[in-house]
Amino acid sequence: QVQLVESGGDLVQAGGSLRLSCEASGINFSFYTMAWYRRAPGKERELAATISNGGNTVYADSVKGRFTISRDNAKNTTSLQMNSLKPEDTGVYYCTANRWGRAYWGQGTQVTVSS
């Protein structure tokens with residue numbers, strides 16, 4: 001049974017920081033590329049950040065320089081450190097595990113950034 005369990009979503013003030021975490025089970029974690037997607041209210045889903053099994057990272061232009069994705073293969077976890085948060089960062093954030101075109105999704109966690 002594959003499970004991705006997210007935590008860390010909260011209501012924060014603009015300029016503040018949050019750290020999202022995702023714990024995976026039921027997969028060979030080290031083989032998977034991990035990614036964080038987000039969906040702002042009324043907008044299309046966006047790929048915010050990804051980290052390969054080898055540690056290579058890619059960021060959306062909208063978050064580059066402010067967000068950092070990481071992984072800990074010993075703990076089967078991935079994290080998204082979010083700094084200098086803006087109101088437009090508000091949305092539901094989803095953790096995904098990806099391999100050979102197959103993606104597993106977490107339940108999502110709400111991030112709200114107030115003006």
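Residues numbered from 1 in each chain as written. Predicted model: local features only at pLDDT ≥ 70, side-chain atom pairs only at ≥ 80, totals over all residues. Heavy atoms only, no water.

> Lay out the pairing of strand β5 (residues 46-51) with the relevant residues and their values.
Bridge count for strand β4 (residues 33-39) against β5 is five bridges, and the pairing is antiparallel. In the strand pairing of β5, Tyr37 is matched with Leu47. The pairing of β5 with strand β6 (residues 57-59) spans three bridges and is classified as antiparallel. Within β6, the position partnered with Ala49 by the bridge is Tyr59. Taking the residues between adjacent antiparallel strands as the criterion, β5 and β6 are bridged by five residues, where Gly55 takes a positive phi near 95 degrees. (Pairing = 2+ DSSP bridges. Helix = DSSP H or I, 4+ residues; strand = E, 2+ residues; numbered from the N terminus.)

> An account of the environment of Trp36 is requested, with residue identities and associated values reported.
Here Trp36 lies in strand β4. Overall, the relative accessible area of 0% leaves Trp36 in the buried class. Between the alpha carbons of Trp36 and Ala48 there is a distance of 5.7 Å; along the sequence they are 12 residues apart. (Buried < 20%, exposed > 50% of the residue type's maximum accessible area, 1.4 Å probe, protein only.)

> Outline the sheet that holds strand β7 (residues 67-72), listing residues and values.
Here we have four strands laid out as an open sheet, ordered β1-β3-β8-β7, and antiparallel in their pairing. With one partner strand each, in any of the chains shown, β1 (3-7) and β7 form the two edges of the open sheet. Along the sheet, successive strands turn relative to each other by an average axial angle of 15 degrees, direction set aside. As paired strands, β7 and strand β8 (residues 77-82) are joined by six bridges and run antiparallel to one another. For Thr68, the partnering residue across the bridge sits in β8 and is Gln81. (Axes fitted to C-alpha atoms, helices over the stretch in contact; angles between N-to-C directions.)

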